[in-house]
2 protein chains.
Amino acid sequence: MSSTATPGAGSGPSSLWSVDEHLEDILGAVRPLDPIEMQLADAQGCVLVEDITVPVALPPFDNSSMDGYAVRVADVAGASEEFPAVLTVVGDVAAGSGEPPAVGPGQAARIMTGAPLPPGAEAVVPVEWTDGGTGSGAATAMRPAGAAPEGATGEVRVHRPAELRAHVRARGSDVQAGDLALAEGTVLGPPQIGLLAAIGRGSVRVRPRPRVVVLSTGSELVQPGEELSEGKIYDSNSYALTAAARDAGAIAYRVGAVTDDADELRATIEDQLIRADLLVTTGGVSVGAYDVVKEALSSVGDEDEPGSGIDFRALAMQPGKPQGFGSIGPDHTPLLALPGNPVSSYVSFELFVRPAIRALMGLKSVHRPRARAELRTDKALTSPAGKRQFLRGAYDAEKGTVTPVGGSGSHLIAALAQADSLIVVPEDVTSLEPGTETEVVLLG
Amino acid sequence: MSSTATPGAGSGPSSLWSVDEHLEDILGAVRPLDPIEMQLADAQGCVLVEDITVPVALPPFDNSSMDGYAVRVADVAGASEEFPAVLTVVGDVAAGSGEPPAVGPGQAARIMTGAPLPPGAEAVVPVEWTDGGTGSGAATAMRPAGAAPEGATGEVRVHRPAELRAHVRARGSDVQAGDLALAEGTVLGPPQIGLLAAIGRGSVRVRPRPRVVVLSTGSELVQPGEELSEGKIYDSNSYALTAAARDAGAIAYRVGAVTDDADELRATIEDQLIRADLLVTTGGVSVGAYDVVKEALSSVGDEDEPGSGIDFRALAMQPGKPQGFGSIGPDHTPLLALPGNPVSSYVSFELFVRPAIRALMGLKSVHRPRARAELRTDKALTSPAGKRQFLRGAYDAEKGTVTPVGGSGSHLIAALAQADSLIVVPEDVTSLEPGTETEVVLLG
């Protein structure tokens, strides 16, 4: 972890860190979690850490792509509805059944989709090109084997010729043994999991989802559902950020609110370390006399352990000026200390915590997508000089526009719940005129 | 459930159902699940079934937006660094602390962000506009209350005047009691959960995530990790579709492969019904002699129960021609029977099952997003007349292009794992030239 205590050469005033410097610091320090072997079904959304090669060709054997009859090409040459080829049915070849019957001259085997092409057969004619063994016109389906076992014997009339290998899927036509199935770094979505199953992988080596512990701080916080007494407010940050961590791909634990007591906070964090790959706190990081996160964590670094400890910084950013970042505990578990205002903490999460979670997962794409959009507003938006401002917006992809939702106050959580994007006002812009093209961060 | 046994007036040949007819039938039959009261933290991703109004204004009381000093405006009028206003500090107002001290003429209270504005005070001056009670120059922060309790007493020098209500967030400036916080139909993401917590809701009435049971059928199927004997293949559908169901928002249960035995299949389905809001099967729905899903489920409908039973249909679609849909069991649990080829089952899932899952959740947006893209390919793509073809594609949003990945074979699962989209070739198109603009379904 960085223990730099002064901001770099950023775009803000010299006493402030820029958003980019802070983010760079975080992403420079957070390492992907060590991989583990995981059951295939549990690995959904995880990142592969190995190239997966194909052990056995897919399909593993020549097989039929249709329900029909396995035939020899010469036997059905010139066949038509008027002059059908009449073949002796020697049995059934069902998918997964045992030894298939051999098909000799003048013979056919009833064959099902996916079943191996029997010895002697060269092509498959779909059942719809035959009488299905009924002795009458063109069939639309086979008679079920259970209900009409005689379908696997007797005669079948074939109404059309078949080319060599017609309706046969060749062994290895999907992938060959030794082919690269999936490359290291692949994110395992449903089709990738399907492919791994298809080549027989019951487990894979992936980076696990990070376990993120979220705790809010503040003696004013009451849990939702309880009664609100004088001077208290409900704890919303721990709920919003736990949900956001889950959304980012983490296994998230909500610890809830800790009172403004440095010892209690330190004890709670130490207690939680055992199940945390990342700790997130909200509140208590500013310049007040009761900012216990700062008080409790400014001194946790072990001077003999380079890189440990939490730095508290002022960022050239609005909302979200006060931020803490560093590592804590024997395993140097990363910790992000976010400001306590609901909008500040949520915006900080999106900008700093979400990328950290995705970096822990080993994902290459850690950031929210961004877009350029035309600002729709009645009057110019004002923004403090030297600060990067993030306003809540409603983005319209069709029109390529974004409309501010609510004001800039960092306590306006109702407006946040109506927004789907963040409007970025750069450091050097103090007024954003209606119609200006601006950058937008697209949320979920 | 629809029990229509013949296709409507679709775009396909008269014996085939169109993709749109089948989808319409499914969405016409699937009803959103009954809502339940759910703990707020568990309701992530669910749809609200009630308008939520604000019970108590947010913020619930006038409070400070800064760490600083609560003052009377007249006392700091004309204050400057050269001629500071000197005020007597009467105590601390921390967020969540008890009764705040009253601020009389010539007095100030040290106040923290979020703490209630004390009686008598009219504005807040940030600590940076004062000496922080130190008697020297401008402060950058307060001294922590624990380390320096004397900060809450003595004198403070204020260097700037303050306007009435400066740095005060008014009670109700976010939302007022009685305001609509969130409307019925809102999907609960992190900011919405944050807002509900902020207004004190510990639980909400939402539609639960549907429980989807996925089972593959086929005597040829072996579980990944086990040994593959002659004529067998690995079960991949149950893995891919369980993951896809989870991805769509469901709680998904993978039952795995059932052999081609109608009685066993019927027994397994009956057994699973208790935990299913939706059943998905793969395989056994075509025209073969061992298509046991069709055999087992064609007769499950109770003739005395209108709307029960499963219809098996041929769709004007490639891949995915054979499909089954209907309801089963005493609760008329919807069941979708998909074809067994891996690509067919996955494409069918995306087109029919995913929308059904999202309809069960009560979501308004049930479909994958679509885009128009220019086809990048060396030679024209061919497609059978009268069928809507779905080819696997790699979509480039920047360039607005899509490139086919792999061929059209419904067994090509390796190519599917490299695709991010489906290229739609309409029923009346038999050849799609390079450079043509075409429709693309964007997969997650």
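Above this text sits the structure in question.
Quick caveat, the model's predicted, so the values are computed rather than measured. (Residues numbered from 1 in each chain as written. Chains lettered and ligands numbered in written order. Predicted model: local features only at pLDDT ≥ 70, side-chain atom pairs only at ≥ 80, totals over all residues. Heavy atoms only, no water.)

**Digging into the overall build of chain A**
Just so we agree on the cut-off: Put simply, DSSP marks the helices as runs of H or I at least four residues long and the strands as runs of E at least two long, and each gets a number from the N terminus on. Each radius of gyration reported is based on C-alpha atoms, and the globular scaling rule is 2.2 Å times the count of residues to the power 0.38. Throughout, exposure labels follow a simple rule: accessible area from a 1.4 Å probe, protein chains only, divided by the maximum for the residue type, with under 20% read as buried, over 50% as exposed, and the rest as partly exposed. By the convention used here, residues are in contact when the closest approach between their heavy atoms is within 4.5 Å. Here the open area of atoms and residues is found with the Shrake-Rupley method and a 1.4 Å probe, where only the protein chains shown may cover a residue. When charges are counted, neither His nor the chain ends are considered; positive counts come from Lys and Arg and negative counts from Asp and Glu. Lysine's charge is taken at NZ, arginine's at CZ, aspartate's at CG and glutamate's at CD.
A tally of regular secondary structure across chain A gives 8 helices and 28 strands. At 33 Å, chain A has a C-alpha radius of gyration far larger than the 22 Å of a compact globule built from 444 residues. Out of the 444 residues in chain A, the part that is buried amounts to 56%. Sequence-distant contacts, at least 24 apart, represent 70% of the contacts inside chain A between residues at least 6 apart. Counting only carbon and sulfur atoms, one obtains 48% of the accessible surface of chain A, whose full area is about 17,400 Å². One way to put it: in chain A the 34 positive side-chain charges average out to a point 3 Å from where the 57 negative ones average out.

**Here's the deal with the sheet that holds strand β13 (residues 211–217) of chain A**
All names here are of chain A. Test applied: Here, any two strands with at least 2 DSSP bridges between them count as paired. In this analysis, axes come from line fits to C-alpha atoms, helices being fitted only over the stretch in contact, and the angle between any two N-to-C directions falls in the range 0 to 180 degrees.
Read across the sheet, 6 strands follow the order β16-β13-β17-β21-β20-β18 without closing on themselves; strand pairing throughout is mixed. Unpaired on one side and paired on the other, β16 (251–258) and β18 (309–314) mark the two borders of the sheet. Looking at each pair of strands side by side, their axes are set apart by 15° on average, direction ignored. Sheet strands in contact with helix α7 (residues 342–360) are β13, β17 (278–282), β20 (322–328) and β21 (333–338), and its direction is about 170° off that of β21.

**Re the packing of aromatic side chains**
Convention followed: Between rings of Phe, Tyr and Trp, where Trp is taken as its six-membered ring, a pair exists when centres lie within 6.5 Å; planes separated by under 30 degrees are stacked, by over 60 edge-to-face, and by other angles tilted. Two thresholds decide whether a charge sits over a ring: the Lys NZ or Arg CZ must be within 6 Å of the ring centre and within 35 degrees of the ring normal.
Scanning the entire structure with this criterion turns up 0 aromatic pairs over all chains. The residue whose ring lies beneath R313(A) is W17(A), and the NZ or CZ to ring-centre distance is 3.7 Å. The ring of Y239(B) carries the charged tip of R254(B) above its face, separated from the ring centre by 3.8 Å.

**Re the relation of the copies chain A and chain B**
Using the following cut-off: Least squares is used to superpose the copies, and the fit set is the C-alpha atoms of residues whose pLDDT is at least 70 in both copies.
Relative to chain B, chain A is turned by 180° and slid 0.0 Å along the rotation axis, the superposed coordinates differing by an RMSD of 0.0 Å. Interpreted geometrically, this transformation is the action of a two-fold axis. Both copies contact each other with a shared surface, as 99% of the interface residues of chain A are interface residues in chain B too.

**Describing the packing of helix α4 (residues 237–248) of chain B against helix α7 (residues 342–360) of chain B**
Residue and element names in this part refer to chain B. What counts is decided by this rule: The cut-offs work like this: below 35 degrees is roughly parallel, past 145 is roughly antiparallel, 65 to 115 is roughly perpendicular, and the gaps in between are oblique. Each crossing is labelled by how the near helix is turned from the far one, with a counterclockwise turn of less than a right angle marking it left-handed and a clockwise turn marking it right-handed. For this scheme, ten residues count as nonpolar: Ala, Val, Leu, Ile, Met, Phe, Trp, Tyr, Cys and Pro. Four count as charged, namely Asp, Glu, Lys and Arg, and the remainder, Gly too, count as polar.
It is the contact of α4 with α7, at a shortest axis distance of 10 Å, that shows an interaxial angle of 25°. When the interaxial angle is binned, α4 and α7 end up roughly parallel. Considering only the axes of α4 and α7, their crossing is right-handed. Here N237, L241, A244, A245, D247 and A248 of α4 lie close against α7, whose contacting residues are P342, S345, Y346, F349, R354, I357 and R358. Split by residue class, the contact of α4 with α7 holds 8 nonpolar, 2 polar and 3 charged.

**What to know about the packing of helix α4 (residues 237–248) of chain A against helix α3 (residues 190–198) of chain B**
α3(B) packs onto α4(A) with a crossing angle of 160° between their chain directions and a minimal axis gap of 7 Å. Judged by the angle between their axes, α4(A) and α3(B) are roughly antiparallel. For the pair α4(A) and α3(B), the sense of crossing is right-handed. Along its contact with α4(A), which presents Y239(A), A240(A), A243(A), A244(A) and D247(A), the element α3(B) presents P190(B), I193(B), G194(B) and A197(B). Here the residues of the contact of α4(A) with α3(B) sort into 7 nonpolar, 1 polar and 1 charged.

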